[in-house]
Every structure is written in C-alpha cells, then in structure tokens.
Amino acid sequence: MITLTPGSVTLSDLRRVWSGTPVELAAPAWSALLASSEAVGRILASGRTVYGVNTGFGLLAQTRIPAERLEELQRNLILSHSCGLGEALPAHVVRLAMALKAIGLGRGHSGVRPLVVERLLALLAGDALPVIPSQGSVGASGDLAPLAHMAAPLIGEGQLVVDGRVVPAAEGLARLGLEPLVLGPKEGLALINGSQISTAIALDTLFTAERVFASALIAGAMSVDALKGTDAAFDPRIHAARGQPGQIAVAATLMRLLEGSGIRHSHDDCTKVQDPYSFRCQPQVMGACLDLLGNAARTLEIEANAVTDNPVLFGDEALSGGNFHAEPVAFAADMLAIALCEIGSISERRTAVLVDPKMSGLPPFLVRDSGVNSGFMIAQVTAAALVSENKSLAFPASVDTVPTSAGQEDHVSMATHAGTKARRIADNAAGVVGVELLAAAQGLDFHAPLASSPAIEVARSAIRAQVPHLQSDRYLAGELAWAKATVLEGALSIDVERALFETVSPAG
C-alpha cells in the first residue's frame, strides 16, 4: 500500500501506482475534502449563482438550474458526456487515471464529498476498473468524455472490468457490496473536468520511455563492442566541455557498461580512427533525449498533483478559470514522442551498420554462409519500417486545435491524442531496440573467445537464454517479439533505469 499525499506525490509514487501497488490518501486529504464540500453547501444556501454548482455548462453556463434539479443536472452531465469511442484504455492507465483524480480532488478545491473519493478508491482497491474508450477528448475542457466514462460506474452506469470480465456497472458495484451514488452539486463536474486521462496516458508513455531508453543504452554499448568500436568518444572530458547534463550522464553510463571489456582492447592497434555517428554520438543524441524525458517528467509530476477542474474553490469563493486546459501535458507528450522517435532512429542506424559487412567487418547480415542465409537482413528492414512510422507519428499534436462547444471552447490542447500517439511511438521504438539487442548479441558472438564487459555479458547471457545464436535462417518473428517485450518490461535494463530514473520494480 502506498499513501498518497495530494500536492506532494512524486514520480516514484506514480511508478508504483502504474505497477499495480494499492493506494490510499493521506489523512489531511479527507479533512480538505470535507471542508470543500461544506463550502458548496454554504454557497447554495447564500443563493448565489455559481458556475458548475447551480448553472448549466459550456455555452449553457448562463442558465441557472433550480435547487430541486441539481442532482438531475449532475447525473445528466455524466450520461451526456459518456460519448467516447475506440479501444478501451489498458488497465494500468485506468488505475493511474483513477489515482490522479483522487489526488486532484483530495487537494480540497473541488467541492466533492469525501464519499465520492472513497467510492472511487473502493473501485480501485477492488480491481473493478471502468471501461474507458481511448478516443473522444480534445484536452479541454478537460478530458470530458473519457472522465465521464470513468465516473459513470459510480452512479451505476457504464461498464466495469471485474475479474477479467466486462460487466454492467450496477452488477460490478453489487459484487463489491456497493450502491450507486447520487451525486451532489458540482460533483459530476469535478469528476469529468480535468486532465487526468491525458496525464495518465503521458505518464504511461514516460515510464515506458524510461525502459526503452535504458534498454537502448545497453543495446548501444553492445553494438560498440560488436563493431569493435572505441569508448574514447565517451571520455568524460569531452562531455564536461559541452556541459549538457543528459549528455554527461549518458557518456558515463556507456563507459560503465563497457568497463572491463576484453573486446575493447583487442583492437587498440587498428587503423580505424572514428566510428559512425550512431555509435560515436550516442551521448549527444541520447543525452538530449534524456534531457527531454526529464523535462516531460517534471511537467507531469506537477500536473499529477494539480487541481484541474473548474471552478476552483478557495474557502467560500468559487473562481472560474481554465486549469482544465491540458497544454502542458500536450507539450510533455509531444516531447516524449520526439525523444522516442530519435531513440529508435539512432538504434536502427546501428543495426544497419552491423549487418553491413563493409561497415562492420562482420559476416554479411550477421550470418555465416550468407547468400543461402539472409540472417538479419529483414529484421533490419522491420526496424526501418518502425522508424519510418514513428517519424510520421512524431508531428506535434499540440499545434492542432479544433473549436468545440459552439465556439465557447475555441482553443484546445489535443493532449490525449498527443499521449496516445507518443505511446504508440514508444511501442515501436521498443521493437527497434529489440532488433538491435539481438543483432548486437549476434555480432558479439563472432568475436569469441573474446568476451565483452561483465555488464554486457549479463545482458548477452539473458538474451542467449531465450534466443540462440543464429547459425542459419529460422523463423525469427517470435524471437523479435520476445526482444520487444523484454524492452517494454525493462527486463535487461533495471540497473540502468535505477541509476537514471530511480525506477521501482513492477509489483509482483
């Protein structure tokens, strides 16, 4: 169990939520929730007209709703906004989104009763997860449609996944011994207004990107030794002279990974002066990617703790603003997309060098008896195809906007699209890095009896435990799928991840 303190939740906490660790809110959050809900009661008693409390929404904000219809208003809000399409979001993203909503509401500026958050956390604890379609949000006014699908089961509508089966929400609640809620004033609006879906998708992409990045560093170090390249380009003095922090960290990591290599010093007297850029410039390229990941991480950690519904309550004062506009999340997701695109691009180039005998000095396409055997020829083609797809996906979603709600919501962020697109790029990049891991392991095999560094030999042994050396052509699709899954799971990269990102191991 992890205790989340709204306003102080860290990326480390969120990685644990992403990995399935149960959550609870810290005690002060419950007091803040109670105070905020009592403020709504006082606003209503005063007879004031306050947006979202006793008015319509969007273009209908000028319409005052009579007191006897306020419960109907909140229920209708959830039902009318449950308009998503597309594949359902995966369970780990839904868990993150539910926790993020509890964190945002727990700041005590949204006017919901503690009971509403208790019920949300009860679903999370019971592993009864709302079915949330992945399409339908433009990232302002919040992630309205997907958050409505998240909220609908609280009132007995929509669907839940319980014990691996999709069931009507009312049935799922009954299994947990829960009754549907009747939402009070502002509660429906607070549930569907906010950036929690966009942020959850972007966090999923960030945490996946960390694994892809760390695996790519291991693959890159393996490829340097497979090429009989040099680590001189990773000398810390070079990188200190430039001063870019990510570059310095990547160079140091590559030096550690290659430390103690028997292959490295076997060719000290060779005539080769420099390695290709995809090998030599890893600190510069991957370091820039690391800095982008860090920038995105900082933005998303702030957003995870943010109050992003509207209006925002400060005591008995309700201020109408625009914290639901997810532009920071859209920018963060687009940064992740660019970084992941480059991680895959430079990885594919290293594989291309290894399979080219003119560049690598290794057997053509990394296989003996080439001609009869094609070896890694088409594996590299697959990597090239994924890299090309990523380039087309990397165009920033955040530069787009389509006015909605009869022009009232006339500029939007497209943050959810940015996140889902970046996550697809991460998946493709994992496949590209997986191809390089297998190709680099194959290249290292040709240098026997020389061994690489202890760190690289650990990675090569893990690969060889599942994928034997390619003596002659065989069906490779399953092995490529294993390599991609290994990257996505962080199975080879946990030590590098911990050093660079303070990553926790997945629960269980």
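Scroll up to find the structure this text is about.
Now for a look at the structure at hand. Quick caveat: nothing in here was measured; it's all calculated off a predicted structure. Note that residues are indexed from 1 along each chain, following the sequence as it is written. Given that this is a predicted model, residues contribute local features only at a pLDDT of at least 70 and side-chain atom pairs are listed and counted only at 80 or more, while totals for whole chains, interfaces and linings are drawn from all residues. Calculation of side-chain values draws on the structure's entire complement of heavy atoms; hydrogens and water are dropped beforehand.

1. What to know about the overall build of the protein
Rules: Runs of E in the DSSP output that reach at least two residues are strands. Runs of H or I that reach at least four are helices, and both are numbered from the N terminus. Here the globule rule is a power law, 2.2 Å times the number of residues to the power 0.38, and the radius of gyration is based on C-alpha atoms. Residue burial is assigned from relative accessible area. The probe radius is 1.4 Å, only protein chains are included, and a residue is buried under 20% of its type maximum, exposed over 50%, and partly exposed in between. Here, residues are in contact when the closest pair of their heavy atoms is within 4.5 Å. Charge counting treats Lys and Arg as positive and Asp and Glu as negative, with His and both chain ends excluded. In this description, the location of a charge corresponds to atom NZ of lysine, CZ of arginine, CG of aspartate or CD of glutamate.
Scanning the protein for helices and strands turns up 20 helices and 9 strands. Scaling as 2.2 N^0.38, a compact globule of 508 residues should have a C-alpha radius of gyration of about 23 Å, and the protein matches this with 26 Å. Dimensions along the principal axes, computed over C-alpha positions, put the protein at roughly 85 × 50 × 40 Å. Here the protein holds 508 residues, and the buried ones make up 56% of them. Long-range contacts, defined here as pairs at least 24 residues apart, represent 78% of the contacts in the protein between residues at least 6 apart. If the 37 positive side-chain charges of the protein are averaged to one point and the 50 negative ones to another, these points end up 2 Å apart.

2. Focus: the nonpolar core
As a reminder of what qualifies: As used here, the term nonpolar core means buried Ala, Val, Leu, Ile, Met, Phe, Trp, Tyr and Cys residues forming a set that is joined through side-chain atoms within 4.5 Å.
Leu14, Phe213 and Met222 are the most contacted members of the largest nonpolar core, which totals 146 residues. Considering each element in turn, this core owes the most residues, 19 residues, to helix α9 (residues 196-226). Not counting residues up to four positions away in its chain, the partners in contact with Met222 are Leu437, Ala440, Ala441, Leu444, Ile456, Ala459, Arg460 and Ile463. Counting residues in each nonpolar core, the second largest holds 7 residues, with Ala333, Ala397, Met414 and Ala418 among its members.

3. Considerations on unusual backbone geometry
For the bond running from Ala140 to Ser141, omega is 5°, close enough to zero to count as cis. Turning to its location among the elements, Ser141 is positioned in the loop between β5 (133-135) and α6 (144-151). A cis amide bond links Asn310 with the next residue in sequence, Pro311, at an omega value of 0°. Structurally, Pro311 is set in the loop between α13 (282-304) and β8 (312-314). Phi is positive for Asp127, which is not a glycine, with a value near 55°. When you line up the elements, Asp127 lands in the loop between α5 (114-125) and β4 (129-130).

4. Describing the environment of Asp127
Here Asp127 falls in the partly exposed class, since its relative accessible area comes to 42%. Along the primary structure Asp127 and Leu96 are separated by 31 residues, whereas in three dimensions their C-alpha atoms are 12 Å apart. The contacts of Asp127, once residues within four sequence positions are left out, are Arg95, Val161 and Val162.

5. Overview of the sheet that holds strand β7 (residues 165-168)
Stated precisely, the cut-off is as follows: Strand pairing requires that DSSP identify at least two bridges connecting the strands.
The strand order β4-β6-β7 describes an open sheet built from 3 strands, whose pairing is antiparallel. Strands with a single pairing partner mark the edges of an open sheet, and in this sheet they are β4 and β7. Bridging between strand β6 (residues 159-162) and β7 involves 4 bridges; their strand directions are antiparallel. Note that in β7 the partner of Val162 across the bridge is Arg165.

6. As for the pattern of salt bridges
Let me state the cut-off plainly: One speaks of a salt bridge when a side-chain nitrogen belonging to Lys or Arg is within 4 Å of a carboxyl oxygen belonging to Asp or Glu.
Under the definition given, this model contains 21 salt bridges. Note that Asp356 and Lys358 form a salt bridge whose closest N and O atoms lie 3.1 Å from each other. Put simply, Arg460 and Glu457 hold a salt bridge, and the shortest N to O gap is 2.7 Å. A residue pair is termed a helical-turn pair when its members lie 3 or 4 positions apart in one helix, as Arg460 and Glu457 do in helix α18 (residues 454-464) at 3 residues. Exposure class is identical for Arg460 and Glu457. Each is buried. Sharing partners across several salt bridges, the network here consists of Asp163, Arg165, Glu171 and Arg175.

7. What to know about the side chain of Glu327
Locating Glu327 in the fold gives a position in helix α14 (residues 327-355). The charged side chain of Glu327 is buried without a salt bridge, its nearest counter-charge being Lys421 at 13 Å. Excluding residues within four positions of it along the chain, Glu327 makes contact with Ser398, His411, Val412 and Ser413.

8. Description of the packing of aromatic side chains
Centre distance and the angle of the planes are the two values used to describe a pair of aromatic rings. Applied cut-off: Note on aromatic pairs: the rings of Phe, Tyr and Trp (six-membered ring only in Trp) are paired at centre separations within 6.5 Å, and the planes decide the class, stacked below 30 degrees, edge-to-face beyond 60, tilted for the rest.
Applying the stated criterion across every chain yields a total of 2 aromatic pairs. A ring pair is formed by Phe213 and Phe501, whose centres lie 5.9 Å apart and whose planes are at 80°; its orientation type is edge-to-face. Of the two residues, Phe213 is situated in helix α9 and Phe501 in helix α20 (residues 494-501); the sequence distance between them amounts to 288 residues. Accessibility classification places Phe213 together with Phe501 in one group, the buried group.

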